[in-house]
Amino acid sequence: MHGLEHYVMSIIFHYRYAGLFILLMGGMVGIPVPDEFLMTFSGFQTTLGRMNFEKTLLVASLGSFMGMNLSYWIGRTLGIPFLHKVAPILHFNTKKITSAEHWFQRFGDRLIVIGYFFPGFRHFTAYFSGMSKLNYARYSVLAATGATLWAFTFITLGRILGEHWEKITFILHRYLARGGIVLALIVFLIYLYSIKRGKAGLEN
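So, a few notes on the structure that sits alongside this text.

What counts and what doesn't
- Residues numbered from 1 in each chain as written.
- Predicted model: local features only at pLDDT ≥ 70, side-chain atom pairs only at ≥ 80, totals over all residues.
- Heavy atoms only, no water.
- Axes fitted to C-alpha atoms, helices over the stretch in contact; angles between N-to-C directions.
- Helix = DSSP H or I, 4+ residues; strand = E, 2+ residues; numbered from the N terminus.
- Parallel < 35°, antiparallel > 145°, perpendicular 65-115°, else oblique.
- Left-handed = near helix turned anticlockwise from the far one by under 90°.
- Contact = heavy atoms within 4.5 Å.
- Nonpolar A, V, L, I, M, F, W, Y, C, P; charged D, E, K, R; others polar.
- Polar contact = N/O pair within 3.5 Å; in protein donor to acceptor, adjacent residues only side chain to side chain.
- Buried < 20%, exposed > 50% of the residue type's maximum accessible area, 1.4 Å probe, protein only.

Our next topic: the packing of helix α2 (residues 35-47) against helix α7 (residues 136-161). At a minimum axis separation of 6 Å, α2 and α7 run at an interaxial angle of 50°. In terms of axis orientation, α2 runs oblique to α7. Our pair here, α2 against α7, has a crossing hand that is right-handed. Contacts between α2 and α7 pair D35, E36, M39, T40, G43, F44, T46 and T47 from the former with W150, A151, F154, I155, L157, G158 and R159 from the latter. Considered class by class, the residues forming the contact of α2 with α7 number 7 nonpolar, 5 polar and 3 charged.

Let us look at the side chain of T46. The residue T46 is located in helix α2 in this model. At 2.9 Å, the side chain of T46 and the side chain of R159 are in polar contact.

The topology assignment puts M66 in helix α3 (residues 53-90). The partly exposed category is assigned to M66, whose relative accessible area is 41%. Along the primary structure M66 and M28 are separated by 38 residues, whereas in three dimensions their C-alpha atoms are 8.3 Å apart. With near-sequence residues (within four places) excluded, M66 lies in contact with F21 and M25.

This is how it looks when you write it as structure tokens:
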């Protein structure tokens, strides 16, 4: 177990719900927090009677939802204009940025819920939702749904696994991280395909 996991366990052990809320909210913004580890450990704590299952689920869902909302508004406030400013450094041009924004409007919101389950990818969906100015009401519904499903999955997993929670969580995190890379690749390929199809349409 790494030092970060020990630190997270210590925070949950001492601060319980407040620690869970703050850590998950920070994790959604991009602070390096082992989110799945955190929630599975919290689920295990419910088997020991140190935390209540329903309250843990509620706090985890709210913390995740608030963090995703904060990421959305950061993306919406600083996103596209800021991206245009740094575009030359990133070798982007206005056409590429516009195409990416249009792509997310067509496909991106479908990935908000499923993106929760892949480390790193959930941050992409939150920031880019704000950057592309996805309708906030729609975003909130999808973000709340994803937060609840994600929290329920890992907190319940920790409760069911009991003392075996740690070993299984590390295995799951490894495969989910790989899945996140695959999912990001699929998204990128869809993006390239949409651009290619748009060019073909213009040529015809």
